[in-house]
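Chain residues, written in single-letter form:
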Amino acid sequence: MPKQTTSLHVSCDIGGDNSSGCGSSDGMTVYEDGSKHCFACNTSWFPPEMRGQTYQKDESTVLKPIDVPKLEYVDIKSRGISAATCRKYGIGIDPDTKKLWQLHYVNGIPIGAKLKWYGEDGKKRFSWVGDKSAVSMFGLHVSAHRYKLIITEGELDAAAAHEMTGYGAISLPFGAPSAADYVRKALPLIERAETVYVCVDMDETGREANDVIMNLITPGKAHEVVLPQGYKDACEMSADGKGQEFKNALFASQPRIPSGIMSPDDVLQGALDFAYNTEKRVGISFGIPTLDKIFGGFRPAELSGWVADTGVGKSTVCRQLMFNLAQQGHQVLYVPLEDVPEVSALQLAALKLGRTVLTSEGVTEDDREQLTQAIRWVTQHVTFLNHIGTLEVDTLTSTIEYAVRASGIKVVVLDHITALAEGSTESATSLADKAVAHLRVVVREHMLHGMIVSHIRKPSNVPKSGKVRPTLAGIKHASSIPQACNFVVGMYPPPESRDVLELFVLKGARSFQSETSETSVFLEYDRQTTHLSEPTHVDIDAYTVTPEEHYDKDVDGLDWGQREDFGEESVREEGVGDDTVSIEQF
């Protein structure tokens, strides 16, 4: 059990010469077991029967007071520390051995001491007396209830810091390497202070200890002290009479702001920069006017989700948007996780030429030169990631960062994240979510736009040929897409249409005020030019989709009014090669 007191704040009768008391009228505490401790003169007294016995601090820790010789408390002029401060901290000279004792107290009991003296060769010597396992921070017995607390590296540094400021000051019991263990041990008492000044040595070891201590104490409470050039610690400043300069260093210290917390000035400058810098605020055009009005284009530092059923035309949309970006002179990184890069390059070249030149019979002699020039144009604007086998998320992100530095990439197209997730032995959902999280960091750091394409889950009673209208709840594996992406686009071919694709809002853009009341746009595929574009006139009524028509008309048995999500047990895995809709074949 903790030590119980019987009298608090009584006059000292144990300190001073001949145990006549140190003169304090209220600095001594008398404990239930008859022992006494004066916090003014830092003197303890134990009844004869207790001397040499163990003392029960609590149920798990036994404290054993050490035998302390009669110490002399004198000025340490070489360090600028007065005798009064030495007495308070328990730093005294044994007149017989000339050794400097630096007492470590726990609950008013001297349980250990660091001894320092000079050998015959003039070199410093150190030793320890007592149980090291019970030791806490040096000086806590006089500093634990201070509003301002200084943490130093050595015992004399703590005494010097207190001498110069009057603040509570404590130190690491065994130097910088002991920082983590002993600061953590004393943290409940340290956290009582309103402000904690971390003032360890200015050398390399001290800076490492500084980082450890700053990370342990509540953010905003701990201030990182940097001493004036030429001074390593508090003792050196005290020795030179630089008390005011030491205080100035404390006052100039700043709390370390945790990573991610923005200062008011950072917020102000960032907001004004976003408002005035059109490159950060205005997106790159999709090349589709109505889509630009709905979503605001490919804006930097954002992700967008593009979701659809198998065979609807996701890759066709990707290629058209990449072509539109290239036409505007922008650089794109294309990560085709199912398509072959060479085939994608040919399809982009066809968009440049406005016609397909690759037939079942090959390329004619007349088309060879034009095709070569078109492919060269594609490669000037589109960087391809040739993916073979499992693609690790870290590999993907490092590749994107390399492409940004090498080619000035503005938009990354990941087509599609479902293939990335299913190509690993890890959980597909966790891997997809990890990829989305990593991409979000990359696009923000490098001011890119990340276009993430994803499949949707299909109910077990829908035939492979049936097309399901996407919902946020139905996105396959990557459940984080609705949260991480700034906007999400659904893609669906209207019933009884062959070359028309509807792109509609699944999630509106957070940072863009839509310039139209429209929530969808219909794109028409031109089989001759291979382009997907917004027609000048669309018969909207012809493509209006009712709730009962969210799937192909030959599919029966789905109650879409009741369904919000598909359970994994009801999901049919989508295979490769389901592209039965004509638009995807190009």
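Just so it is clear, the model here is predicted, and its values are computed rather than measured. (Residues numbered from 1 in each chain as written. Predicted model: local features only at pLDDT ≥ 70, side-chain atom pairs only at ≥ 80, totals over all residues. Heavy atoms only, no water.)

*Asks:* Whenever I open this one, the sheet that holds strand S20 (residues 449-455) confuses me. Can you help?
*Replies:* In any sheet, the strands associate via hydrogen bonds between backbone groups, in a parallel or an antiparallel arrangement. The strand order S18-S17-S19-S20-S16-S21-S22-S23-S24 describes an open sheet built from 9 strands, whose pairing is mixed. Whereas interior strands pair on both sides, the edge strands pair on one side only; in this sheet they are strand S18 (382-384) and strand S24 (532-533). Relative to S20, strand S19 (residues 411-415) is paired through 4 bridges, and the arrangement is parallel. Within S20, the residue paired with Val-412 across the bridge is Gly-450. Packed onto the sheet, helix H14 (residues 365-381) meets strand S17 (332-336) and S18 and runs at close to 85° relative to S18. On the sheet, helix H17 (residues 428-446) packs against strand S16 (302-308), S19 and S20 and is oriented at approximately 140° with respect to S16. (Pairing = 2+ DSSP bridges. Helix = DSSP H or I, 4+ residues; strand = E, 2+ residues; numbered from the N terminus. Contact = heavy atoms within 4.5 Å. Axes fitted to C-alpha atoms, helices over the stretch in contact; angles between N-to-C directions.)

*Asks:* Explain the pairing of S20 here, please?
*Replies:* Side-chain direction in a regular strand flips from residue to residue, so the side chains alternate between the two faces of the sheet. Of all 7 residues in S20, 7 are buried; the element is thus mostly enclosed. Neither face of S20 is open: one carries His-449, Met-451, Val-453 and His-455, the other Gly-450, Ile-452 and Ser-454, and all of them are buried. (Buried < 20%, exposed > 50% of the residue type's maximum accessible area, 1.4 Å probe, protein only.)

*Asks:* Sorry if this is basic, but what is going on with the confidence of the model for the protein chain here?
*Replies:* In regions of low pLDDT, the predicted coordinates are not meant to be interpreted in detail. Looking at the protein chain, the pLDDT average stands at 80 and 79% of residues meet or exceed 70. Confidence over residues 55-61 falls short of pLDDT 50; this stretch has 18 contacts with residues more than four positions distant or in other chains. Below pLDDT 50 for its whole length, residues 544-586 participates in 99 contacts with residues either more than four positions away or in separate chains. (pLDDT = per-residue confidence, 0-100.)

*Asks:* Before we go on, may I ask you to explain a nonpolar patch on the surface in this structure?
*Replies:* Side chains of Leu-268, Leu-272 and Tyr-276 sit close together on the surface and give an oily, nonpolar patch of about 330 Å² of accessible area. Inspection of the secondary structure puts Leu-272 in helix H9 (residues 264-276). (Patch = residues over 30% accessible without salt bridge, like charges linked within 9 Å, V, L, I, M, F, W, Y side chains within 5 Å. Areas by Shrake-Rupley, 256 points an atom, 1.4 Å probe, with all protein chains shown as cover. Salt bridge = Lys/Arg side-chain N within 4 Å of Asp/Glu carboxyl O.)

*Asks:* Would you mind showing me how to read the sheet that holds strand S15 (residues 254-255) here?
*Replies:* If you trace the 5 strands from one edge of the open sheet to the other, you get S12-S11-S13-S14-S15, paired in mixed fashion. In the strand order of this sheet, the two ends are held by strand S12 (168-171) and S15, each with one partner. Sheet topology note: the strand S11 (residues 148-152)/S12 ladder contains 4 bridges and is parallel. If you follow Ile-151 over to S12, its bridge partner there is Ile-170. Running at roughly 155° to strand S14 (residues 222-224), helix H6 (residues 204-216) makes contact with S11, strand S13 (195-198) and S14 of the sheet.

*Asks:* Would you mind showing me how to read the nonpolar core here?
*Replies:* Nonpolar side chains in soluble globular proteins tend to end up buried together. Core analysis: the largest hydrophobic core is formed by 42 residues, its most contacted members being Phe-286, Phe-298, Trp-306 and Leu-503. If you tally residues by element for this core, the top one is helix H12 (residues 314-327), at 7 residues. Residues contacting Phe-298, with those up to four places away along its chain left out, are Gly-283, Ile-284, Ser-285, Phe-286, Trp-306, Leu-321, Leu-325, Val-411, His-449 and Met-451. With 37 residues, the next largest nonpolar core counts Leu-303, Leu-448, Ile-456 and Ile-481 among its residues. (Core = buried A, V, L, I, M, F, W, Y, C linked by side-chain atoms within 4.5 Å.)

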